[in-house]
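Structure assessment
Next come the chains, spelled out residue by residue.
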Amino acid sequence: MSAVNTLIYPVADLASAKKVFGALLGTEPHTDQPYYVGYNVDGQEIALDPNGHRKGLTGGTPYWSVDDLEATVTSLVEAGATVKQGATNVGGGRTVAVVADTDGNMIGLMQG
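Our subject in this report is the structure included herewith. Just so we're clear, the structure is a prediction, and the values are computed from it rather than from any experiment.

1. Thoughts on the pattern of salt bridges
What the rule picks out here adds up to two salt bridges. K18 is paired through a salt bridge with D32; the nearest N and O atoms lie 3.0 Å apart. With K18 in helix α1 (residues 14-25) and D32 in strand β2 (residues 31-33), this residue pair connects regions lying 14 residues apart in the sequence. For D32, a relative accessible area of 40% translates into the label partly exposed. K55 serves as the salt-bridge partner of D49, at 2.8 Å between the closest nitrogen and oxygen. According to the relative accessible area criterion, D49 is buried, its value standing at 6%. We classify K55 as partly exposed; its relative accessible area is 29%.

Below, the structure is given as structure tokens:
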């Protein structure tokens, strides 16, 4: 398990969120698509997901890089977490999943 490498915020109004995060981060996005807007701040990925609420995200979600996504999800579920988004291929050889801890906090997992 490595450090959190991505933080994704679900947003309802992508245009407004881009203005706010552009002002906050002081930079333009490196990726600006209708389905994902990503910023790189000192090696940290900060992203906006206009479909995040539909996927069950309730707030900013940290994504941890893992070597074995399925094994990690299984381990967290056995420890009491609940799957919010099953393993999903998001392109570029990357697969993500989201679980919620026992307090409902989102934990994103990323492989690849």
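Once the structure has been displayed, the description carries forward.
2. Thoughts on helix α2 (residues 69-78)
Residues of α2 that are buried: L69, T72 and V73. End-on, the buried residues of α2 take up no more than an arc of 100°, which puts them together on one face. Residues of α2 that are exposed and point over 90 degrees away from its buried face: E70 and E78. On the buried face of α2, the contacting elements are β6 (82-91), β7 (94-100) and β8 (106-111). At the N-terminal end of α2, a side-chain oxygen is found 3.4 Å from the backbone nitrogen of E70, two or three residues along, and the residue is D68. With its phi angle positive at about 120°, G80 sits one or two positions after the end of α2.

3. Some thoughts on the pairing of strand β3 (residues 36-41)
Pairing analysis gives three bridges linking β2 to β3, with the strands arranged antiparallel. The residue bridging T31 from the neighbouring strand is G38, located in β3. Taking the residues that link successive antiparallel strands as the turn, the β2-β3 hairpin has two residues. By the bridge criterion, five bridges tie β3 to strand β4 (residues 44-49) in an arrangement that is antiparallel.

4. Let's talk about the nonpolar core
Counting nine residues, the largest nonpolar core is built from I8, A47, L57, Y63, V96, V98, A100, M106 and M110. The contact partners of A100, leaving out residues within four places of it in the chain, are A81, T82, K84, N105 and M106. By size, the runner-up hydrophobic cluster in this structure holds eight residues, among which are V11, A17, V37 and I46.

5. Describing the packing of aromatic side chains
Throughout the structure, instances matching the rule amount to one aromatic pair. Considering the side-chain rings of Y9 and F21, the 4.9 Å spacing of their centres and the 50° angle between planes classify their relative orientation as tilted. Of this pair, Y9 sits in strand β1 (residues 4-10) while F21 sits in helix α1, and the two are twelve residues apart along the sequence.

6. Points about the sheet that holds β3
Overall, mixed pairing links the eight strands, which are arranged β2-β3-β4-β1-β5-β8-β7-β6 in an open sheet. Each edge of the sheet is formed by a strand with only one pairing partner; in this case those strands are β2 and β6. The sheet shows a mean angle of 20° between the axes of neighbouring strands, taken without regard to direction. In this fold α1 packs onto β1, β2, β3 and β4, with an angle of close to 0° to the strand it touches most, β3.

Parameters and conventions
- Residues numbered from 1 in each chain as written.
- Predicted model: local features only at pLDDT ≥ 70, side-chain atom pairs only at ≥ 80, totals over all residues.
- Heavy atoms only, no water.
- Salt bridge = Lys/Arg side-chain N within 4 Å of Asp/Glu carboxyl O.
- Helix = DSSP H or I, 4+ residues; strand = E, 2+ residues; numbered from the N terminus.
- Buried < 20%, exposed > 50% of the residue type's maximum accessible area, 1.4 Å probe, protein only.
- Arc of directions from axis to C-beta.
- Contact = heavy atoms within 4.5 Å.
- Polar contact = N/O pair within 3.5 Å; in protein donor to acceptor, adjacent residues only side chain to side chain.
- Pairing = 2+ DSSP bridges.
- Core = buried A, V, L, I, M, F, W, Y, C linked by side-chain atoms within 4.5 Å.
- Phe/Tyr/Trp six-rings, centres within 6.5 Å; stacked < 30°, edge-to-face > 60°.
- Axes fitted to C-alpha atoms, helices over the stretch in contact; angles between N-to-C directions.

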